[in-house]
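Report on the structure
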Amino acid sequence: MNTQPSPDTRAERTRNWLQQGVLPVVVIPNVKQGLEIAEGLCAGGITQIEITLRTPEALQALGEIAQRFPDMNVSAGTVLTPAQFDQAADLGATLFISPGLTEVLAEHALNKGYAWVPGVATASEMMRGLELGFELLKFFPAMAAGGPKALAGITAPLAAARVVPTGGVTLENLPQWREIKAVQAVGGTWLTAGLDGVANVAKVVEQRAALAMAAWNNTVLV
Ligand SMILES: O=C(O)C(=O)C[C@H](O)[C@H](O)COP(=O)(O)O
């Protein structure tokens, strides 16, 4: 039986991903803080999150967030092995993001029908991703790889590419990324960084999320 979705279906589905424009990338120290972050993001108008599988409690936090925030699109980030795809999918992740593009991960994503966003930093890597059927690509590390100018140049001839620049994106440089036609969303840890010891994590995150969404939507918060 062929369980692989057709390229058309996959393209359609990925076009609908990350429509909110801002993808908070989270390095979760513990489940408690993860839940507070999710609460703050939702209150601030962001219902998509990338939980990097870099910390011991990341997978557990991913599962709890997926369960307690059913309206949230929960992505697994820093996916480096096929097993991580499967573990995160079992816990409720619906999108899978990696810092790079390897044949092993591409094959696994295609075989299992996972919505995968591979990391790319050059025109060749983007072309490879597109050839394999992955239209949504993570431009990583975005600032170090040349910033908005580099991405605008690389994507100008690659009409099919939908890109999520991540790595060095801030509230301040967000408008420059947003201007690039190929940019579907921007990702970053700035919304959830430096929260250890903060008294009301959810409130702080809510405010940052609201500011980020205002910047993305080009509106001024009063
Ligand atoms: O963990 C992953 O899968 C990554 O690919 C790396 C993260 O997306 C970047 O580290 C975020 O960068 P900053 O927003 O500059 O902190």
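So, here is what we can say about the structure in this document. (Residues numbered from 1 in each chain as written. Predicted model: local features only at pLDDT ≥ 70, side-chain atom pairs only at ≥ 80, totals over all residues. Heavy atoms only, no water.)

Focus: the side chain of Thr52
Among the secondary structure elements, Thr52 is positioned in strand 2 (residues 48–52). Within polar-contact distance, the side chain of Thr52 engages the backbone oxygen of Val26 at 2.9 Å. With residues up to four places along the chain from it excluded, the contact list for Thr52 reads Val25, Val26, Val27, Ala58, Gly77 and Thr78. (Helix = DSSP H or I, 4+ residues; strand = E, 2+ residues; numbered from the N terminus. Polar contact = N/O pair within 3.5 Å; in protein donor to acceptor, adjacent residues only side chain to side chain. Contact = heavy atoms within 4.5 Å.)

Regarding the sheet that holds strand 9 (residues 186–188)
A sheet is described by the order of its strands in space; here six strands give the open sequence 5-4-3-2-1-9, paired in parallel fashion. Of all the strands in the sheet, the pair left with one neighbour each is strand 5 (116–117) and strand 9. (Pairing = 2+ DSSP bridges.)

A look at the pairing of strand 8 (residues 162–165)
It is a general feature of regular strands that their side chains alternate between the two faces of the sheet. Strand direction decides the pairing type here: strand 7 (residues 136–139) and strand 8, joined by four bridges, are parallel. What sits directly across from Leu136, in strand 8, is Arg162. Crossover handedness for the path strand 7 to helix 7 (residues 147–155) to strand 8: right-handed. (Right-handed = clockwise from strand over helix to strand, strands pointing away.)

Let's talk about the packing of aromatic side chains
Counted by the stated rule, this structure contains six aromatic pairs. Look at Phe85 and Trp116: their rings are 6.1 Å apart centre to centre, the planes differ by 65 degrees, and that puts the pair in the edge-to-face class. Highlighted residues: Phe85 in helix 4 (residues 82–90) and Trp116 in strand 5, separated in sequence by 31 residues. Trp116 carries the same exposure label as Phe85, and that label is buried. In this structure an aromatic cluster arises from ring pairing among Phe85, Phe96, Tyr114, Trp116 and Phe134. For the cation-ring pair, Lys138 lies above Phe140, with the distance from its terminal atom to the ring centre recorded as 5.1 Å. In this arrangement the basic side chain of Arg178 is found over the ring face of Trp216, its NZ or CZ atom lying 5.5 Å from the centre. (Phe/Tyr/Trp six-rings, centres within 6.5 Å; stacked < 30°, edge-to-face > 60°. Buried < 20%, exposed > 50% of the residue type's maximum accessible area, 1.4 Å probe, protein only. Lys NZ or Arg CZ within 6 Å of the ring centre and 35° of its normal.)

Brief notes about the nonpolar core
When a protein is soluble and globular, its nonpolar side chains tend to lie buried together. Among the nonpolar cores identified, the biggest contains 60 residues, and Val22, Ile49, Ile65, Phe96, Met126 and Val186 are the most heavily contacted of them. The dominant element in this core, judged by the number of residues it contributes, is helix 9 (residues 201–216), at seven residues. Those residues in contact with Ile49 that sit more than four places away from it in its chain are Leu23, Pro24, Val26, Ile37, Leu41, Ile65, Met72, Asn73, Val74 and Ser75. Leu23, Ile97, Ala115 and Val164 belong to the second largest nonpolar core, which has 10 residues in total. (Core = buried A, V, L, I, M, F, W, Y, C linked by side-chain atoms within 4.5 Å.)

What about the site of the ligand?
Within the structure, the ligand sits among 13 residues, and Arg54, Thr78, Lys138, Gly168 and Thr189 are positioned closest to it. Taking Lys138, its side chain carries an N or O atom lying 2.8 Å from an oxygen atom of the ligand. At 2.5 Å, a side-chain N or O of Thr189 approaches an oxygen atom of the ligand. The fraction of the free accessible surface of the ligand (410 Å²) that becomes covered by protein chains is 83%. Its atoms largely coinciding with the cavity grid, the ligand occupies the largest pocket. (Near = heavy atom within 4 Å. Areas by Shrake-Rupley, 256 points an atom, 1.4 Å probe, with all protein chains shown as cover. 1 Å grid on protein atoms, 1.4 Å probe; cavity = no way out; pocket = protein on both sides within 12 Å on 5 of 7 lines; lining within 4 Å. Sits in = over half its atoms within 2 Å of the grid points.)

Section: unusual backbone geometry
Pro141 follows Phe140 through a cis peptide bond whose omega is -10 degrees. Its location among the elements puts Pro141 in the loop between strand 7 and helix 7. Positive phi is not limited to glycine here, since Thr78 has a value of about 55 degrees. Here Thr78 lies in the loop between strand 3 (73–77) and helix 4. Given a relative accessible area of 17%, Thr78 falls into the buried group.

Some points on helix 3 (residues 58–68)
Within helix 3, burial applies to Ala58, Ala61, Leu62, Gly63 and Ile65. Looking at the packing, one finds that the buried side of helix 3 touches helix 2 (31–43), strand 2, strand 3 and helix 4.

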